[in-house]
Structure formats: C-alpha cells, structure tokens
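Chain by chain, the residues run as shown.
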Amino acid sequence: MHEREPIGVIGTGYVGLVTAAGFAELGNEVFCVDIDADKIRGLERGELPIYEPGLAELVERNRERMHFSTDLQPALDQARLLFVAVGTPPTYSGDADLSAVDAVVDAMPPSDRHALVMKSTVPSGTGASIKRIFAERGKGGFSYVSCPEFLKEGSAVADFLHPDRVVVGDDGDWAGDAVVALYAPLDAPLVRTDVKSAEMIKLAANAALMTRISFINEIANVCEATGADVVKVAEGIGHDRRIGKSFLRAGVGFGGSCFPKDSLALKQLAANSGYHFQVLNAVIEVNELQKRRVIGKLADRLGSLRGKRIALLGLAFKPHTDDTREAPAFVLAGRLLSEGAGVVAWDPVARIDGLAGVEQVATVEAATRGADAVVLVTEWPELADVDWPAIAAAMRRPVIVDGRNMLDPDSMRAAGFQYDAIGRAASNGPR
Ligand SMILES: NC(=O)c1ccc[n+]([C@@H]2O[C@H](COP(=O)([O-])OP(=O)(O)OC[C@H]3O[C@@H](n4cnc5c(N)ncnc54)[C@H](O)[C@@H]3O)[C@@H](O)[C@H]2O)c1
C-alpha cells in the first residue's frame, strides 16, 4: 500500500465520525476535533455518541489510527487536509445556519500548506465566500475543496466504503488532487468539477430524492381517492428503467437531519438569487401535509381523538438510526397531543427526549396494550416479527395505520385488525 496521508476531521457527528473511521480503515491517521468535550472524552474511552450499524466495530478496529481532541492544533500540525463536518441546521428564515462553518473558518491560521475540505452541506456559493474571507484576512494561501457527503444514516459505513460516486469541486490546485488520491482506493466514479457545481450537486441530489418521495405520496393520495393500490402502482412504474424502483415508497413523509433542512436551504438559495423554485415549494408542502394525513385516518376510525390512547411504533426518522431530527413521529405526536389524545411510543434505539407528554416504553406489547389505535411510523424490521394477533387482542380497539405500508393487509386483517395504510384503498377492507 502507498503511504496514506494523515487527515484532520472537524466535527465528529454522523458524517465526521463515519468519515474519520472510514479513512482510518483505508490506512490514514485521522485527527478528529470537536468542540463538544463530553463527546471527545467519550470517544477517547471508545464510547460512540451515535448509533450507526458497523461504526463501533470500525472505530474499535482502527483505534490506534484515530486521535480525538477539542484542540485544533494536533490536526493542523499533522494534516494538510482538514475535512469539515460540522452541522448546518436551518435558521428561522430557512437559510442554512453557517455559524459552525464560520467558526471553523475563523479558527484557521494563515497557511500555504492547508486546505479546508467541506463535507458539511452548504449553499452553492459558500466556498467562494470562504475564499474571499480567507483572502481579506491574509489567509489567501489556504486552499478550499468542496467534497459533499452522500452517506445515508443507517447504512453510513457501507456508503462510505462503497459510494455511488465521489464529488470533488476545487480550483485545480494541489488540494483537489490530494482529495482525489485519498478516495482512489474506493474505486468509485469520480465527478471532478468547480466548487459551486459540487455544492449544487449535493443540494440537487437531495431535492431529486425528495421530489420522488412527495411524488409517490401524492400518487398514494390519489390512489386512496380512486381505489387503487400505490404499492402495486410503484412496482409497476419502478420496472421502467427510465424511472427505477428506489424512493418510490409511499408513507408518512420524509424527515431527518438532511432533507427538510436542505430543501429549505435550496428554496431560500433560489429565492435569494431571485428565482421562485416552484417544484421544490410543492415538494415541501406535500410533505408537510403528508405527515398530518394519519390524523385524519385515525379520526375516520375513532371519531374524536380526545382521551384516546394512541401507540406510535418508531420514533427515528427511518430504521437503523437513533436520529429523530425532524422525524414524522414527532409531528404526529405533537398533533395527537394537541387533539387531546394520550401518546405512548416505542423505538428500539431512538429516544423521545424533548417531547413532553409522550410516554416511551420498552416493548411493542407495552405500547399497544389497551390502546385505541397503533400507528406504524418507522419500518423497523423488528415489527415484522411481532405477534400481531396477540397485540390486536390486547388493544382496546384493534385499529392500525401502517404509515410505511410495511405489513401485509390480509394477514393484519386475519390477525383481527382494522387495517389502514397509505395509498392502499384497494386493500383497506370494509370499515
Ligand atoms: N447526517 C447525515 O446523514 C448527513 C449526510 C450528508 C451530509 N450531511 C451534512 O453533514 C454536516 C454534518 O451533519 P451531521 O449529521 O454529522 O451533524 P452532527 O450534528 O451529527 O455533528 C456535527 C458535529 O460538529 C461539532 N461541531 C460544531 N461546531 C464545531 C466547531 N466549531 N468545531 C468542531 N466541531 C464542531 C458538533 O459538536 C457535532 O459533534 C451537515 O452539514 C449535514 O447537512 C449529513
């Protein structure tokens, strides 16, 4: 193996930690930095701050190559390439909050031998303004590379090791070449371009995926009105190679730490540039309404929700993660509480912290016992193995809304449930 160059990774969240462990696996010494001292102390003890399949093993296997600190200096001393993986949450205006990125930029010393490699998702144009700031502050020797991240929570380790593509946006100097060399062992298709285009690739990729979700959710809603079954419709259109099968699962809407904020950021980026992005506006609005449709389905079955006990199965925004940022379960819980319902929640790893009034219990059985209805919110595989006839028998009313079309309608009805799903009017059965 060629000698691998040491790198720095600033921010040790989902993206930073996976990137750090992934490069350590490829043989790089990795110097991780985070302002969260508790997180760094935990990582030094081998404790992971997040749940991500395979990550604990990867970190453990590469412990001697991974170094953790709250101080930037070791990374600056040892590495030329400083990957930035700090959060970029939305502001009240919907623009990306770049204060953590700004803090990193401010902390950089003048240097002719370092480069910032931006993994955080930032609006197109951020790299240009960072380079301007560097130039104004006598740090014009600092190089800049945009290297957007496409990993998915729940399969982040595999996504790092087997990416669909690597995108490198740079000014054609040493830093872009160095990042390309770093990723070379992964043997992934490379898209090398300018910084602004690389930044836009990330935003456009997310927007394309969100558009497919809102599209199939709207098809599902029309299926409900016309008596068709969206699962069959999605299968039928997915076989078309021009369309493809992925991201055609109707459900209770998208959430997570990326899609909601990145759609808002792209919408605002367009608006700030004088363009009204009509499709994206519709995608966002459809998603907001989709999260609320379950309430109508419950009311159809139960009448007033006041005083009813509703069990939510799944809190994470998708399976195999503990991330609940912008999770549909939280919107649902909030709406149910405001309707006067009691809410009990179950999730194998995610916690309901921050949502007062919701009781979290350890098992599906405890969540559903005595409930008036259950809503399957996150398609955790564990839910396929539940003893549904026993669950139905122990509920006050055996009503289920399968918010992910995960369960088999006939089996659920045979188990004694009044079964409802998303866009499956044809299989809903008599009310
Ligand atoms: N989570 C994903 O699935 C995903 C996928 C692709 C891209 N992204 C993008 O990657 C970025 C990071 O996302 P995340 O989910 O890993 O965030 P995260 O909140 O899990 O982690 C961010 C980390 O940065 C640290 N931090 C903040 N300011 C810092 C500073 N000045 N110096 C050092 N550390 C600092 C925080 O303490 C935290 O540990 C975001 O821009 C996000 O949009 C995320």
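What counts and how
Residues numbered from 1 in each chain as written. Predicted model: local features only at pLDDT ≥ 70, side-chain atom pairs only at ≥ 80, totals over all residues. Heavy atoms only, no water. Near = heavy atom within 4 Å. Polar contact = N/O pair within 3.5 Å; in protein donor to acceptor, adjacent residues only side chain to side chain. Areas by Shrake-Rupley, 256 points an atom, 1.4 Å probe, with all protein chains shown as cover. Helix = DSSP H or I, 4+ residues; strand = E, 2+ residues; numbered from the N terminus. Core = buried A, V, L, I, M, F, W, Y, C linked by side-chain atoms within 4.5 Å. Buried < 20%, exposed > 50% of the residue type's maximum accessible area, 1.4 Å probe, protein only. Contact = heavy atoms within 4.5 Å. 1 Å grid on protein atoms, 1.4 Å probe; cavity = no way out; pocket = protein on both sides within 12 Å on 5 of 7 lines; lining within 4 Å. Points joined across faces, edges and corners; volume = space filled by probe spheres on them.

*Asks:* Which residues make up the site of the ligand, and what are the values?
*Replies:* Around the ligand, the structure places 27 residues, and the nearest of them are Asp 34, Lys 39, Thr 88, Glu 153 and Lys 261. Val 15 has a polar backbone atom sitting 2.8 Å from an oxygen atom of the ligand. With respect to the ligand, the side chain of Thr 88 contributes an N or O atom lying 2.6 Å from an oxygen atom. In the complex, the protein chains occlude 88% of the 830 Å² of accessible area that the ligand would expose alone. Of all the elements, helix H5 (residues 99-107) adds the most residues to the shell around the ligand, at three residues.

*Asks:* Mind laying out the nonpolar core, listing which residues take part and the relevant values?
*Replies:* Soluble globular proteins: nonpolar side chains tend toward being buried together. Formed by 61 residues in total, the largest nonpolar core has its most connected members in Leu 298, Ile 310, Leu 312, Leu 336, Val 375, Trp 388 and Phe 417. The dominant element in this core, judged by the number of residues it contributes, is helix H13 (residues 328-338), at five residues. Residues in contact with Val 375, not counting those within four places in the same chain, are Val 294, Leu 298, Ile 310, Ala 311, Leu 312, Leu 313, Leu 332 and Val 401. Within the second largest apolar cluster, 39 residues are counted, among which are Phe 23, Ala 175, Val 179 and Leu 182.

*Asks:* If you had to explain empty space enclosed by the protein to someone new, which residues and values would you point to?
*Replies:* Summed over the entire model, instances satisfying the criterion amount to one cavity of 30 Å³ or more. For the largest cavity, the calculated volume is near 60 Å³. Surrounding the largest cavity, Met 118, Ser 120, Thr 121, Val 122, Tyr 144, Ser 146, Cys 147, Pro 148, Glu 199 and Lys 202 form its lining. Only strand E6 (143-146) and helix H9 (195-226) provide two or more residues apiece to the lining of the largest cavity.

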